[in-house]
Amino acid sequence: MWDIFKDWIFDVIQFFYNFCHDWGLAIIIVTIIFRIIVAPLMHKQAKSNYAMQKVQPKIQALKDRFPDDPTRQSQEMQKIYAEMKFNPLAGCLPMLLQMPIFIALFQVLREMGDRVGETSYSFYNLVPNLVQTPSGAFAEGFGTFIPYLILMVIFAGATFLPMVLQQLKTENTQQKNQTLMMGGIMSIMMLWISWGSPAGVLLFWGASSVIGIGQNQLTLARCRAQDKKREEEEALVVKPIEVNVERKEKKKRPKKKR
Amino acid sequence: MKKVVEVAKKVPTLFAVGLIMFYRMAISPLLPPACRFVPTCSEYGLIAFKRYGFRKGFVLTVKRILKCRPGGPCGYDPVP
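Residues numbered from 1 in each chain as written. Chains lettered and ligands numbered in written order. Predicted model: local features only at pLDDT ≥ 70, side-chain atom pairs only at ≥ 80, totals over all residues. Heavy atoms only, no water.

Naming follows an unreviewed UniProt entry, where chain B appears as Putative membrane protein insertion efficiency factor of Adlercreutzia caecimuris B7. In its Sequence similarities (unreviewed entry) section, UniProt records this for chain B: "Belongs to the UPF0161 family." In the Function (unreviewed entry) part of its UniProt record, chain B is described as follows: "Could be involved in insertion of integral membrane proteins into the membrane." (UniProt positions renumbered as here; feature names shortened; annotations may be inferred.)

The name that an unreviewed UniProt entry assigns to chain A is Membrane protein insertase YidC, with the source organism given as Adlercreutzia caecimuris B7. Under the heading Sequence similarities (unreviewed entry), UniProt records this for chain A: "Belongs to the OXA1/ALB3/YidC family. Type 1 subfamily." Of the comments in the UniProt record for chain A, the one headed Subunit (unreviewed entry) reads "Interacts with the Sec translocase complex via SecD. Specifically interacts with transmembrane segments of nascent integral membrane proteins during membrane integration."

Here you go:
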């Protein structure tokens, strides 16, 4: 059953290979197609993240207002989030149940060398052998290692970049440093993982992350532009008319003289 | 000796936190976003493990993930 499933994934990749005659490009095309399928979900999520960031000051204000009353705090937070019109997604459980698809994809990419057979398994001439691991390429000499090094850097950088982008606007220095340090440790771990992974896996992983980051930034930029536009329109339309309401000095009513 | 035992007690928690961190940074960006809650399941798990230690944190996290499915509740759901 598992093998049939893996064969099917391989067939999909091979189908694209028959179009473009390059395994690396085929992997990237599969990645892009997958990303396009999940794009609406990503868009929704990025939007809700943006909205979440906008209510952050409100939440901070709440914490300042009721510092010793956690129940009241959580009640008020409940209210804020209810007002935000939080739209429910499918949920984590169904997604975790889909994890086997990913594990199969990884295994296929790892075993690609045995499946491909005679044809050269390369990404044009950029990466000569996608089954090779960076550690193996390093043993062959520095010249062969360079493309693998670039892949590794993209792969590790793609995990670090979103954190940097997210933290750029945070004022809180302590939190910023902590997050950046955590990201640094993670990037080193990713480098270590990539050291022993076939280049094909890195290609898929890196491409997917880079596309994800790009899409996220695009959505954020659009949200910001929309907000700005709305603000400008509001400033134009709802500008209150300034009325001079200064009272005049009260004069005594003239009395009739008799 | 006491210190060693204390550190040893923390090992499962640290392991779990590391695992969640790895999921958040490496695996989650590959998958479509899915969580129905604020904070998300992984954030919830991190807080729960840090606050309650391994056993209770694990139970809370599993409960939370089981709740996070179509037809379940959604919205704001903090760690108790």
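K.L.:
Would you take a moment to explain the pattern of salt bridges for this structure?
P.N.:
Opposite charge on two side chains lets them pair, provided their charged atoms get close. Residues and elements named next belong to chain B. Applying the stated criterion to the full structure yields 4 salt bridges over all chains. Between Asp 77 and Lys 67 there is a salt bridge whose closest N-O contact spans 3.1 Å. Of this pair, Asp 77 sits in the segment after strand S2 (75–76) while Lys 67 sits in helix H2 (residues 41–67); the two residues are 10 residues apart in sequence, bridging distant segments of the chain. Its relative accessible area of 15% is what places Asp 77 among the buried residues. One connected set of salt bridges, linked through shared partners, spans Arg 64, Lys 67 and Asp 77. (Salt bridge = Lys/Arg side-chain N within 4 Å of Asp/Glu carboxyl O. Helix = DSSP H or I, 4+ residues; strand = E, 2+ residues; numbered from the N terminus. Buried < 20%, exposed > 50% of the residue type's maximum accessible area, 1.4 Å probe, protein only.)

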